[in-house]
Amino acid sequence: MNYTVKTFITGDGERFSQLYEADEPGFPLFYPTAFIARAIRSAATHETQKVYLAVIKRICEWESSRSIDLAMHFHSRKFLSTAQIDDLANYLRARKLGGKREVIGNDKYNTYVAYAANYVRWLGQEVITDSNTPDIKEAFKVQNDTLLKKKRRKSGSKAARVRRILAARLAAEASNQLLDLFDQPYEGLQQRQDFGPRLRNIVMLRILYETGMRVGELLSLKLKNFIEAGGGESAYLIIERNHHDAFDTRVNQPVAKTLGRKLPISERLEEQILDYLSNWRAEVPGVGFSDDDFIFVVHRGGRSQGQAIPKTAFDSGLANLKKSYRTLTGVHPHLLRHDWNYRFSKQADSEGMSFVEERTLREQLMGWMPESPMSRIYNLRHIEEKSHEIGLKIASNTARIAG
């Protein structure tokens, strides 16, 4: 049997998703809906809810393919055998959409196992009326522990992950190409209808490059979040927490995962944003001009014309740029965030910032909480270079003094 997840928007902007039988339109599946509504929704973001439903969808597919009804199974005081748990874990790990490997990555798989265990335990306690009796509680514990033991050890050490983060930055060729496009955004274009979307895409990439913000924050920028220069202060962008935005018509709403903050931008980027807003965005049919309308919109004709650009459209625009400029092949939004942190570290070093000052400013600009683990990782570069400098001085003291 096939299943599908559908997403909806409430009147106040809240996003919620439900699981349906693909061939049976109508009501959502009862237990998955009850689980999300009662056990998950109040304490989890919509993105987390969707991951839970993706896991439950796999569980339902596994039930159907194995002719098992977990609710009836538990109602009859039956629990999953070790072999069935092994089989379910293997089903959760299988890659559904193809790819280089036949299984999903360990991090994703471990999340799936944890979420599956949470749902299966909830389902059993839901359908067994005397689930608190000692024997039932023990059976639940054994089943839950057995499933959780199917988690896989993460590949690579924590130290190796830190090294990968510190090493992640734009290649020189990609950086130079981006800077060229920032200066000449219309390079290679012939048709005027392509100019607006191209400038939009270049401005979006430039914002990511200059500020290091996340792509969800970029796609959430509204007209009120762009503040022009004035009073001796440079232009800046405002990042706001925006979960369940009633003004966002995108079902899969991009959200800011970090804290709200002000991010300064260059004079040239300010000019390009104004150019985009005045000369290209303003000409798009159906576009809005209120403070709560989004800066970056869909230009092409269709039902979504003039509305906020979805992430899929942004990804498509970046993919088209990569086809035209092969040096951009490895560029992706989060790499620009890594590269920003690398350039920030270099700037901090050139200004002789202390470790504490560098960490504090980085946390503010990235929207991280004080003492953020990520801030500590990026600041490790500062510590390594200083220790190398001191170590070299000590090593030099071993040289013989010329007589």
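Here, the structure is the one placed above.
What follows concerns the pairing of strand S1 (residues 3-9). Side chains on a regular strand alternate between the two faces of the sheet. One ladder, built from seven bridges, connects S1 with strand S2 (residues 15-21); its direction is antiparallel. Its bridge partner being in S2, threonine 7 is matched across the sheet by serine 17.

Next up on the list: the packing of aromatic side chains. The tally for this structure, following the rule as stated, stands at 18 aromatic pairs. Ring plane angle 90 degrees and centroid distance 5.1 Å describe the contact between phenylalanine 79 and phenylalanine 140, whose orientation is recorded as edge-to-face. Of this pair, phenylalanine 79 sits in the loop between helix H3 (70-75) and helix H4 (82-93) while phenylalanine 140 sits in helix H6 (residues 134-148), and the two are 61 residues apart along the sequence. Each ring, one from phenylalanine 195 and one from tryptophan 280, has its centre 6.2 Å from the other, and the planes form 50 degrees; the classification is tilted. Residue phenylalanine 195 is located in helix H9 (residues 195-211), and its partner tryptophan 280 is located in the loop between helix H11 (267-279) and helix H12 (311-324); the two are separated by 85 residues in the primary sequence. Feature note: the residues Phe35, Tyr52, Tyr115, Tyr119 and Trp122 constitute an aromatic cluster, connected by ring pairs. It is arginine 93 that lies over the ring of tyrosine 109; its NZ or CZ is 5.9 Å from the centre. When the ring centre of tyrosine 342 is taken as reference, the NZ or CZ atom of arginine 169 above it lies at 4.1 Å.

Here we take up the side chain of glutamate 61. Mapped onto the fold, glutamate 61 is located in helix H2 (residues 46-66). Residue glutamate 61 is classed as buried on the basis of its relative accessible area, which comes to 14%. For glutamate 61, the side chain forms a polar contact with the side chain of tyrosine 91, separated by 3.4 Å. Residues within four places of glutamate 61 in sequence aside, it is in contact with Met1, Tyr3, Tyr91 and Lys96.

Our next topic: the environment of glutamate 358. Among the secondary structure elements, glutamate 358 is positioned in helix H14 (residues 355-366). Separated by 20 residues in sequence, glutamate 358 and tyrosine 378 have C-alpha atoms that sit 9.8 Å apart. Of the polar contacts made by the side chain of glutamate 358, one reaches the side chain of arginine 362; its length is 2.7 Å.

On to H12, then. Counted at 1.5 Å a residue, the expected span for H12 with its 14 residues is 20 Å, and the 20 Å between its end C-alpha atoms agrees. Regarding H12, the residues found buried are Phe314, Gly317, Leu318, Leu321 and Lys322. Projection of H12 onto a plane perpendicular to its axis shows the buried side chains occupying an angular sector of 145 degrees, all on one side. Pointing more than 90 degrees away from the buried face of H12 are the exposed residues Thr312 and Lys323. Looking at the buried side of H12, the elements it contacts are H9, helix H10 (215-219) and helix H13 (333-350).

Attention shifts here to the pattern of salt bridges. Under the criterion given, the structure shown has 19 salt bridges. Taking the shortest distance from any N to any O, the salt bridge between arginine 66 and aspartate 87 comes out at 2.6 Å. In this pair, arginine 66 is assigned in helix H2 and aspartate 87 in helix H4, connecting sequence segments 21 residues apart. On the basis of relative accessibility, which here comes to 26%, the residue aspartate 87 falls in the partly exposed class. Among the salt bridges present, the one from aspartate 145 reaches lysine 141, with a minimum N-O distance of 2.8 Å. Within this pair, aspartate 145 and its partner lysine 141 are both found in helix H6, separated by four residues, close to a single helical turn. The class of aspartate 145 is partly exposed, set by a relative accessible area of 27%.

We now examine the pairing of strand S4 (residues 236-239). With two bridges joining them, strand S3 (residues 226-227) and S4 adopt antiparallel strand pairing. Bridging from a neighbouring strand, isoleucine 227 pairs with tyrosine 236 of S4.

Its identity is not glycine, yet arginine 77 carries a phi of approximately 65 degrees, on the positive side. Relative to the helices and strands, arginine 77 is located in the loop between H3 and H4. For arginine 77, a relative accessible area of 37% gives the class partly exposed. The residue glutamate 371 is not glycine, and still its phi comes out positive at about 65 degrees. With respect to the helices, strands and loops of the structure, glutamate 371 is situated in the loop between H14 and helix H15 (373-396).

Next up on the list: the environment of glutamine 364. Here glutamine 364 is to be found in helix H14. The exposure class assigned to glutamine 364 is partly exposed, which follows from its relative accessible area of 47%. As a C-alpha pair, glutamine 364 and leucine 259 span 105 residues in sequence and 8.6 Å in three-dimensional space.

Read across the open sheet, the three strands follow the order S3-S4-S5; overall the sheet is antiparallel. If you trace the sheet from one side to the other, it starts and ends with S3 and strand S5 (261-264), each paired once.

Attention now goes to the packing of H2 against helix H5 (residues 106-127). In contact at an axis separation of 9 Å, H2 and H5 are set at 75 degrees when each is read in the N-to-C sense. As judged from the angle between their axes, H2 and H5 are roughly perpendicular. Facing H2, whose interface residues are Thr48, Val51, Tyr52, Ala54, Val55, Ile56, Arg58 and Ile59, H5 presents Thr111, Tyr112, Tyr115, Ala116, Asn118, Tyr119 and Val120.

Residues Ile207, Met213, Leu218, Leu221, Ile273 and Phe296 are the most contacted members of the largest nonpolar core, which totals 45 residues. When residues of this core are traced back to their parent elements, those giving at least two are helix H8 (172-183), H9, H10, S4, H11, H12 and H13. With eight residues, H9 is the single largest residue contributor to this core. Ranked by size, the runner-up nonpolar core spans 41 residues in total, among them Ile40, Tyr115, Phe140 and Leu147.

Criteria and thresholds
Residues numbered from 1 in each chain as written. Predicted model: local features only at pLDDT ≥ 70, side-chain atom pairs only at ≥ 80, totals over all residues. Heavy atoms only, no water. Pairing = 2+ DSSP bridges. Helix = DSSP H or I, 4+ residues; strand = E, 2+ residues; numbered from the N terminus. Phe/Tyr/Trp six-rings, centres within 6.5 Å; stacked < 30°, edge-to-face > 60°. Lys NZ or Arg CZ within 6 Å of the ring centre and 35° of its normal. Buried < 20%, exposed > 50% of the residue type's maximum accessible area, 1.4 Å probe, protein only. Polar contact = N/O pair within 3.5 Å; in protein donor to acceptor, adjacent residues only side chain to side chain. Contact = heavy atoms within 4.5 Å. Expected span 1.5 Å × (residues − 1). Arc of directions from axis to C-beta. Salt bridge = Lys/Arg side-chain N within 4 Å of Asp/Glu carboxyl O. Axes fitted to C-alpha atoms, helices over the stretch in contact; angles between N-to-C directions. Parallel < 35°, antiparallel > 145°, perpendicular 65-115°, else oblique. Core = buried A, V, L, I, M, F, W, Y, C linked by side-chain atoms within 4.5 Å.

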